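# Notes for the structure review
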Amino acid sequence: MDLEGIESFLTVAHTKSISKAAASLHITQPTLSTRIRKLEESLGYILLERSWEGVRLSNQGYYFLPYAIQLLRELSNASTVLTDFNVSGYETTIKEITHNNKDFKIGINSWLAPVFTKTIISVLSKHFPNLEYKFVTRPTNILKELIHYDGIHLGIYYQNEKKTNFYHRSLIEDEMVLICSDEDSAIIQNNIDHVHKLEKPYLLFDNPILANNTNMVNSILSRLNINKFQVVDDFNVMITYLTSGKGYIILPRTGLFQLPNFPTIPIKMIPLGEQLPSLGIHLGYNKSNLFMEQIKIIEQELSTFFKKENVS
């Protein structure tokens, strides 16, 4: 991602002026415009709209704004850890944070982490009690990139259309479920073709859980012919909308086990079976890495676990 372009975009968003933004960044206006144009070209949509009245964010620009802020903030946070902590009195802290290049690193899709983390810790504690390891929770596409660059040794994620050159295999096919209030469930009657009767918005979860699976999202939108949306970007907010009867959503079943009190929450989970394609949960790794013994045991234990789950 073009960091200079993002910084330029955010400065214009703040100053609401090309000239003021250029002056703030100590660059010329043509340079600023070029940066933003390159960013827009890489994204595939217009961020700024210009008129005689000045410049303002486009609809896409407003949507992109929090992502741009978050990206620069995360980079700033990493810089803080690596620089500000590396002063007198904090040497031990920075060493503990960064001295993990020899640890066994396990990447898990953030939606699946609550399901897999405990099992993997149990397996490693049993078979490798002295092993140092670390969990990395990221969206699917980032995990695939981390495996590619040997940033992690093992990845567990929802398979998607992004091509890879490392070994991967399916652990289980995760069924899609429709989640709604108890009252709305009585209207739908286990048939997603009845959702139009709700006259309520589809909760579009603005989260990489499904954002990294565009084929699945397109299948949902085309099957339901959805024309009314409510974007939510937080899991707890999503649950509140559902329990309040303010919408419905379709998500993979397995990640719902992250809800600590799911059986007591007044929402209904409707299995969709063959009404929508399932999502494959995959395990992937480079076969040349140093932790093949650990990976093979984890792979075996997880495969056994899911076989038992399917039988039951």
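Refer to the structure above for everything that follows.
Since the model is a prediction, treat every value here as computed from it, not as a measurement.

### Topic: the nonpolar core
Counting residues in hydrophobic clusters, the biggest one holds 60 residues, and the most contacted among them are Phe 116, Leu 178 and Met 238. Setting aside residues no more than four positions away along its own chain, Met 238 makes contact with Leu 203, Phe 205, Val 232, Ile 249 and Leu 251. Of all hydrophobic cores here, the second largest spans 18 residues; its members include Ile 6, Leu 32, Leu 47 and Phe 64.

### So, the sheet that holds strand 7 (residues 176–181)
Within a sheet, adjacent strands bond to each other through the backbone by hydrogen bonds, running parallel or antiparallel. In space, the 3 strands of this open sheet follow the order 10-7-11, with antiparallel pairing throughout. Two strands bound the open sheet, and with one partner strand each, they are strand 10 (249–252) and strand 11 (267–271). Between one strand and the next, the sheet's axes are offset by a mean angle of 35 degrees, whatever the strand orientation. Relative to strand 11, strand 7 runs antiparallel, the two sharing 5 bridges. Across the sheet, the residue bridging to Cys 180 is Lys 268, located in strand 11.

### Side note on the environment of Ser 58
Looking at the element boundaries, Ser 58 is found in the loop between strand 2 (54–57) and helix 4 (59–84). Counting along the chain gives 10 residues from Ser 58 to Leu 48, while the straight-line C-alpha distance between them is 5.2 Å. Discounting residues that sit within four places of it in the chain, Ser 58 has contacts with Ile 46, Leu 47, Leu 48 and Glu 49. In terms of polar contacts, Ser 58 uses its side chain to reach the backbone carbonyl oxygen of Ile 46, at 2.5 Å.

### What about the pairing of strand 10?
The two faces of strand 10 match: Ile 249 and Leu 251 on one face and Ile 250 and Pro 252 on the other face are all buried. Of the strand pairs in this sheet, strand 7 and strand 10 are connected by 4 bridges, and their pairing is antiparallel. Residue pairing in the sheet places Leu 178 in a bridge with Ile 250 of strand 10.

### Quick look at the sheet that holds strand 5 (residues 154–158)
If you trace the 5 strands from one edge of the open sheet to the other, you get 4-3-5-12-6, paired in mixed fashion. The strands lining the two open edges of the sheet, one partner per strand, are strand 4 (133–138) and strand 6 (167–174). With strand direction ignored, the average angle separating the axes of adjacent strands in the sheet is 15 degrees. One ladder, built from 6 bridges, connects strand 3 (residues 104–109) with strand 4; its direction is parallel. Across the sheet, residue Phe 104 finds its bridge partner in strand 4, namely Tyr 133. Across the sheet, helix 7 (residues 140–148) is in contact with strand 3, strand 4, strand 5 and strand 12 (279–285); its angle to strand 5 comes to roughly 155 degrees.

### Here's the deal with unusual backbone geometry
Even without being glycine, His 26 reaches a positive phi, approximately 60 degrees. The backbone of Asn 190 shows a phi angle near 65 degrees, a positive value even though the residue is not glycine. Within the secondary structure, Asn 190 is located in the loop between helix 8 (182–188) and strand 8 (202–205).

### Notes on the pattern of salt bridges
What the rule picks out here adds up to 8 salt bridges. Among the salt bridges present, the one from Glu 49 reaches Arg 56, with a minimum N-O distance of 2.9 Å. Between Asp 184 and Lys 200 there is a salt bridge, with the nearest N and O atoms lying 2.8 Å from each other. In this pair, Asp 184 sits in helix 8 while Lys 200 sits in the loop between helix 8 and strand 8, placing the two residues 16 residues apart along the sequence.

Here is what the cut-offs are and how they apply
Residues numbered from 1 in each chain as written. Predicted model: local features only at pLDDT ≥ 70, side-chain atom pairs only at ≥ 80, totals over all residues. Heavy atoms only, no water. Core = buried A, V, L, I, M, F, W, Y, C linked by side-chain atoms within 4.5 Å. Buried < 20%, exposed > 50% of the residue type's maximum accessible area, 1.4 Å probe, protein only. Contact = heavy atoms within 4.5 Å. Pairing = 2+ DSSP bridges. Helix = DSSP H or I, 4+ residues; strand = E, 2+ residues; numbered from the N terminus. Axes fitted to C-alpha atoms, helices over the stretch in contact; angles between N-to-C directions. Polar contact = N/O pair within 3.5 Å; in protein donor to acceptor, adjacent residues only side chain to side chain. Salt bridge = Lys/Arg side-chain N within 4 Å of Asp/Glu carboxyl O.

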